[in-house]
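Below, each chain spelled out in residue letters.
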Amino acid sequence: MARTLSLPSKSKKTAAKKVARPAAPKVATKKATPKPAQAAAKPVKKAPSKVLAPKAAPKKAAASKGKAAASTTGIAAPAKVASLDFSKSPFNASLKPAQKVGFLREMLRIRRFEQQALKYYNQGIMGGFLHLYNGQESVAVGTASLMNGHDEIITAYRDHGHALAVGMGMNECMAELFGKGTGCSKGKGGSMHFFAPDKHYWGGHGIVAGQTPLGLGLAFAIKYKKINGCAVAFLGDGAVNQGVFSECLNMAALWDLPIVYVIENNGYSMGTSLERSSAVNGSLAKRAEGFCVEWATCGGFDLYELRANLGAAMERARKESKPMVLEVSTYRYYGHSVADANAKKYRSPEEIERYKTEYDPITIWQNQLLKEKVVTQAQIEKIDAEAKAEAAAAAEFGISSPWPTEESIFEDIYHEVDHKTEAGQTGRFFFSE
Amino acid sequence: MPVITYRQALNDAFAEELTRDENVFLMGEEVAQYNGAYKVTEGLWERFGSKRVIDTPISEAAFLGLGVGAAMMGLRPVVELMFWSFAYVGFDQIINNAGCIRYMSGGLINVPMVVRGPANGGTNVGATHSHTPENFLANTPGLKVVCPATPYDAKGLMIASIRDNDTVCFMENTLLYGDLGEVPDGAYTIPLGVAEVKREGIDVSLIAHGRAVLTCLAAAEILAAEHGIEAEVVDLRSIRPLDEETILNSVAKTHRAVLVDENKPFCGVSSQIAALLAEHAFDDLDAPVLRVTALDAPAIYSMPLEKLQLPDAQAVVAKVLSSF
Ligand SMILES: Cc1ncc(C[n+]2csc(CCOP(=O)(O)OP(=O)(O)O)c2C)c(N)n1
Ligand SMILES: [Mg+2]
């Protein structure tokens, strides 16, 4: 039941033999303790290079040492929340109850938003692809909660969660999914392309790893403009295998750019398990070592753990202008996109169920807050009901909004044309009659 | 004759060639165990095994380049791009390596590779996933570019492409994968560079490739039924090599040409055909060459608007009528 082996039954000869790595963690079995060792959130120092004095590891990350982190391959078996107390980390200790409840609200809003979208997608009212973030909400919410007002973030096509977490409205997002003129991109981008530069959110990118050099550019600009911030660029466990990401790591280290690459390791790139797509020695993040970039891994299911580790990484990026790779273990409940008909073939239904029941970030956080007595069950239910109502209203808004105008097809292509500047008036720009 | 889908026709072509030539192998993201993102390679991994049908990481530049290198050694890689749009991260391998190595080695090295996958708009997946790069691939001497419109052509052209000793960029269409058509069992080839007149006519030549051919056929029916105009539909089938003779013969007969192209208008495939007609059919033409192309904007996501971006039969009919 190790996830490495949960391949289509037809895999016969190939699957088990060639695919399974000897060290595959039996994530399914609770007792399989992924070596807490070095792979844990302790950032590994890279060879001291002239540029980078091997400073002390971010204190925060050090605190998470010993935590069940991303194991040799695949997703970390998320250690039970209790195994190490991240609530005392400096990034968490000062959280006010209202903030904690706010995180819960944000996660529930994302979940309910997507479930609402799914309903209409399945009815054929939405087009294109719909990549759901269900199961991963803690990562976006945790990240947004750490942004200091000057930090910038960017992600891939699984972008609804990040969008809502940074404060984009459900209405504009839902309208975008419906392809309406009231959408955040005026119906031009669709599900994979949400943007809100005013909220320091730079998309929403459909080409795998295409956002990784853009993130580098955000970091470059932050440094160039002497802004007290950092860039956070998200990518998947499959995206690490795009060449451009390696190029980014080199340049990030070479130029001391303040960027945190967050690998949202959900174990699969489409139907391909991590073991079948990546050569790994301990973790994907460890690849950073070869580029003199510090790295760490952590679980993404518990907001405290995520905030402790990512907070430290972002702090370091801001203060020292240094890059870091943080691999976060997480899990997506639905298929790669809703159109992924094989979602339960390349992984077992039991595996999905197990993550839903044992590692759901929302449930974990709810339980935590109940335990801390900062919220009651009744309040949770109210928050959830509000999130559902908000999502339903957003769908209404999306459905009743007008389509973009036909003329808008030729708007938003050239700034100079849109603004009728002088530069927009010389020469012919468009070649349809 | 069996009636099968465009998807199955391609699948049959792969099966034939995998069986016939042990140097043929398929490679790409999700082509093996997942059976292909669009199920074009369904069942082939199970049948031919992991040596011949290979899943890759999401590393287009690397596996396209690997394909070039393996082809240099005499293998015949058939490399799937989940979308042709994703070729852009590996363009260097296609243009600089696959496209130039034969020339730069003075003919010492051949690159018998097929790069294939869907290249089309019309599915509301946004600008980055809707590219139709046949024009800029065909802009590279050394590369061949093929765009089949029907299941029959898909199979015959694919087998010819796999047996071809140069790199062939083979452009499919997600909107055509489910289309049915008569396709013979067994292997057959359609030579690259041979267009086909898909419908005979005397009044106007509609010249197209890929899905636009079907648009032209639909338009031709309307023109005949409602306007008494008999349009001839020329399916280019391959963009490079280009069958200039068939195009010129058709225009010499009809004296009118309307080019229909899901490619963009600027330096698109239709521009090349228009140049050809200006150079060699000037005296045959009774009216200016007209074009119906994809609108010259990035592909919009919004469903009803994206429909407006691509040529449809009504637009073709209107354009033809304007030429009389
Ligand atoms: C260059 C490129 N190649 C292929 C694709 C198709 N594709 C989209 S997402 C994806 C899988 C990515 O997996 P991962 O990076 O793990 O992210 P996840 O979907 O799990 O969030 C693939 C193959 C693409 N969009 N861009
Ligand atoms: Mg993944």
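All chains use their own residue numbering, which begins from 1 and follows the written sequence. The lettering of chains begins at A and the numbering of ligands begins at 1, in the order of writing. With the structure being a predicted model, the display of local features is reserved for residues of pLDDT at least 70 and the display and counting of side-chain atom pairs for 80 or more, all residues being used for whole-chain, interface and lining totals. Side-chain figures throughout are based on the complete set of non-hydrogen atoms in the structure, without hydrogens or water.

1. A closer look at helix α13 (residues 361-372) of chain A
For an α-helix the count is 3.6 residues per turn, leaving residues at separations of three or four pointing the same way. Residues and elements named next belong to chain A. Here α13 spans 16 Å end to end across twelve residues, near enough to the 16 Å set by a 1.5 Å rise per residue. Only protein chains enter the accessibility calculation, which uses a 1.4 Å probe. A residue is then buried if its area is under 20% of the maximum for its type, exposed if over 50%, and partly exposed in between. The secondary structure listing takes helices from DSSP runs of H or I that are at least 4 residues long and strands from runs of E that are at least 2 residues long, numbered from the N terminus. Within the span of α13, buried status applies to Pro-361, Ile-362, Ile-364, Trp-365, Gln-366, Gln-368 and Leu-369. Structurally, α13 contributes buried residues whose contacts are with α4 (97-122), α5 (137-146), α11 (303-320), α12 (349-358) and α14 (377-400). Here, expected helix span is obtained from the residue count minus one, scaled by 1.5 Å. Residues count as neighbours in contact if any of their non-hydrogen atoms are within 4.5 Å of one another.

2. What to know about helix α9 (residues 243-254) of chain A
Residue and element names in this part refer to chain A. Its twelve residues give α9 an end-to-end C-alpha distance of 17 Å, which sits within 8% of 16 Å, the value for a rise of 1.5 Å per residue. All of the buried residues in α9 are Phe-245, Cys-248, Leu-249, Ala-252 and Ala-253. Down the axis of α9, the buried set is contained in an arc of 120 degrees. They therefore lie on one face. Contacts made by the buried residues of α9 are with α8 (211-224), β2 (231-236), β3 (259-265) and β7 (324-329). Positive phi appears at Asp-256, one or two residues downstream of α9, with a value of about 50 degrees. Here, the arc refers to the directions that run from the helix axis to the C-beta atoms.

3. Notes on the interface of chain B and chain A
Each partner contributes to the interface: chain B provides 43 residues, whereas chain A provides 54 residues. What makes a salt bridge here is a side-chain nitrogen of Lys or Arg within 4 Å of a carboxyl oxygen of Asp or Glu, nothing more. Connecting chain B to chain A are one salt bridge. B:Asp55 is the salt-bridge partner of A:Arg276, the closest N and O atoms lying 2.9 Å from each other. Within 3.5 Å is the distance limit for a polar contact, defined as a pair of N or O atoms, with the added protein rule that one can donate a hydrogen and the other accept it, and that residues adjacent in sequence qualify only through two side-chain atoms. Scanning the region where chain B abuts chain A turns up 17 residue pairs in polar contact (both at pLDDT 80 or more). Elements with a minimum of two residues in the side of chain B that touches chain A: α2 (44-48) and α11 (303-309) of chain B.

4. Section: the sheet that holds β3(A)
Residue and element names in this part refer to chain A. In this description, strands pair whenever DSSP reports at least two bridges between them. In spatial order, the strands read β1-β2-β3-β7-β6; together these five strands make up an open sheet with parallel pairing. Each of the sheet's edge strands pairs with one partner strand only, and the pair in question is β1 (152-154) and β6 (294-299). On average, each strand axis in the sheet is inclined to that of its neighbour by 20 degrees, with strand direction left out of account. The pairing of β6 with β7 spans six bridges and is parallel. The angle between two axes is taken between their N-to-C directions and runs from 0 to 180 degrees, where each axis is a line fitted to C-alpha atoms and a helix contributes only its stretch in contact.

5. Some remarks on the domain arrangement of chain B
Residues and elements named next belong to chain B. Taken domain by domain, chain B holds domain 1 (3-182) and domain 2 (196-322). Segmentation of the chain into domains, including their bounds, is taken from an automatic or database domain assignment. Placing a centre on the C-alpha atoms of domain 1 and another on those of domain 2 gives a separation of 26 Å. On the domain 2 side, the residues contacting the 28 residues of domain 1 number 26 residues. Buried area, as used here, totals the accessible surface that two parts lose on assembly, with accessibility defined by a 1.4 Å probe and the loss added over both. Together domain 1 and domain 2 conceal approximately 2,000 Å² of surface at their shared face, both sides included; 55% is due to carbon and sulfur atoms. Three residues stand out in domain 1 for area buried against domain 2, namely Asn-124, Asn-135 and Cys-147, and they jointly supply 25% of the buried area on that side. For the interface between domain 1 and domain 2, the tally reads two salt bridges. With its nearest N and O atoms 2.6 Å apart, the salt bridge here joins Lys-198 to Asp-153. Our count for the contact surface shared by domain 1 and domain 2 stands at 15 residue pairs in polar contact (both at pLDDT 80 or more). Contributions of two or more residues to the side of domain 1 that touches domain 2 are made by α6 (134-138), β6 (143-146) and α7 (151-163). Element by element, the count of residues in the side of domain 1 that touches domain 2 is highest for β6, at four residues. Following the grouping adopted for this structure description, the nonpolar residues are Ala, Val, Leu, Ile, Met, Phe, Trp, Tyr, Cys and Pro, the charged ones are Asp, Glu, Lys and Arg, and the polar ones are all others, Gly among them. Among the residues forming the side of domain 1 that touches domain 2, the class breakdown is twelve nonpolar, twelve polar and four charged.

6. Regarding a nonpolar patch on the surface
All names here are of chain A. Only residues whose relative accessible area exceeds 30% and that form no salt bridge are eligible for patches; like-charged ones are grouped when within 9 Å, while nonpolar side chains (Val, Leu, Ile, Met, Phe, Trp, Tyr) are grouped when within 5 Å. Accessible areas in this description were obtained via Shrake-Rupley with a 1.4 Å probe; residue shielding takes into account the shown protein chains only. Nonpolar side chains collect at one region of the surface, where Phe-220, Tyr-224, Met-251, Leu-254 and Trp-255 lie side by side and expose about 540 Å² of accessible area between them. Elements supplying a minimum of two residues to the nonpolar patch: α8 and α9. On the secondary structure map, Leu-254 appears in helix α9.

7. Let's talk about the environment of A:Gly142
All names here are of chain A. Locating Gly-142 in the fold gives a position in helix α5. On the basis of relative accessibility, which here comes to 0%, the residue Gly-142 falls in the buried class. Along the backbone, Gly-142 and Val-338 are 196 residues apart, and their C-alpha atoms lie at a distance of 25 Å. With near-sequence residues (within four places) excluded, Gly-142 lies in contact with Leu-303, Leu-306 and Arg-307.

8. Some details on the coordination of the magnesium ion (ligand 2)
All names here are of chain A. Coordination shells were defined by N, O and S atoms within 2.8 Å of each metal, extended to 3.2 Å for Na, K and Ca; water is absent from the atom set, which can make sites look incomplete. Coordination of the magnesium ion (ligand 2) by the protein involves Asp-237 (OD), Asn-266 (OD1) and Tyr-268 (O), with metal-donor separations of 2.1 to 2.2 Å. Donor residues for the magnesium ion (ligand 2) sit on one chain with the sequence pattern D-x28-N-x1-Y. Here the residue Asp-237 occupies a position in the loop between β2 and α9, and Asn-266 occupies one in the loop between β3 and β4 (268-269), the gap between them amounting to 29 residues. Since its relative accessible area comes to 1%, Asp-237 is described here as buried.

9. Some words on the pairing of strand β10 (residues 204-208) of chain B
Residues and elements named next belong to chain B. Burial analysis of β10 places five of its five residues in the buried class, the great majority of the element. With burial as the criterion, each face of β10 is covered, one bearing Val-204, Leu-206 and Ala-208 and the other bearing Ser-205 and Ile-207. Across five bridges, β10 lies against strand β11 (residues 231-235) in parallel orientation. From the neighbouring strand, Val-204 faces β11, where its bridge partner is Ala-231.

10. Considerations on the environment of A:Ile110
Residue and element names in this part refer to chain A. Mapped onto the fold, Ile-110 is located in helix α4. The buried category is assigned to Ile-110, whose relative accessible area is 0%. Each C-alpha atom of the pair Ile-110 and Met-270 lies 21 Å from the other, and the pair is 160 residues apart in sequence.

11. Let's talk about the site of ligand 1
Within the structure, ligand 1 sits among 21 residues, and A:Tyr157, A:Arg158, A:Gly238, A:Asn266 and B:Glu60 are positioned closest to it. Nearness is judged by heavy atoms alone; a residue qualifies as near a molecule or strand once a single heavy atom is within 4 Å of it. The environment around ligand 1 is built from residues contributed by chains A and B. Residue A:Tyr157 places a side-chain N or O atom 2.7 Å away from an oxygen atom belonging to ligand 1. A distance of 2.8 Å separates an oxygen atom of ligand 1 from a polar backbone atom of A:Gly238. If ligand 1 stood free it would expose 580 Å²; the protein chains cover 96% of that surface. Class assignment for the residues of the shell around ligand 1 results in nine nonpolar, eight polar and four charged.

12. What to know about the packing of helix α1 (residues 6-20) of chain B against α7(B)
Residues and elements named next belong to chain B. As a packed pair, α1 and α7 sit with axes 8 Å apart at the nearest point and diverge in direction by 30 degrees. By the angle class used here, α1 and α7 are roughly parallel. Of the two possible hands of crossing, α1 and α7 adopt the one that is right-handed. Here α1 contributes Tyr-6, Ala-9, Leu-10, Asp-12, Ala-13, Phe-14, Glu-16, Glu-17 and Arg-20 to the contact with α7, which in turn contributes Pro-151, Ala-154, Lys-155, Met-158, Ile-159, Ile-162 and Arg-163. For the contact of α1 with α7, the per-class residue count stands at ten nonpolar, no polar and six charged. Convention used here: angles under 35 degrees read as roughly parallel, angles over 145 as roughly antiparallel, angles from 65 to 115 as roughly perpendicular, and any remaining angle as oblique. Crossing handedness is read from the near helix: turned anticlockwise from the far helix by less than a right angle, it gives a left-handed crossing, and turned clockwise, a right-handed one.

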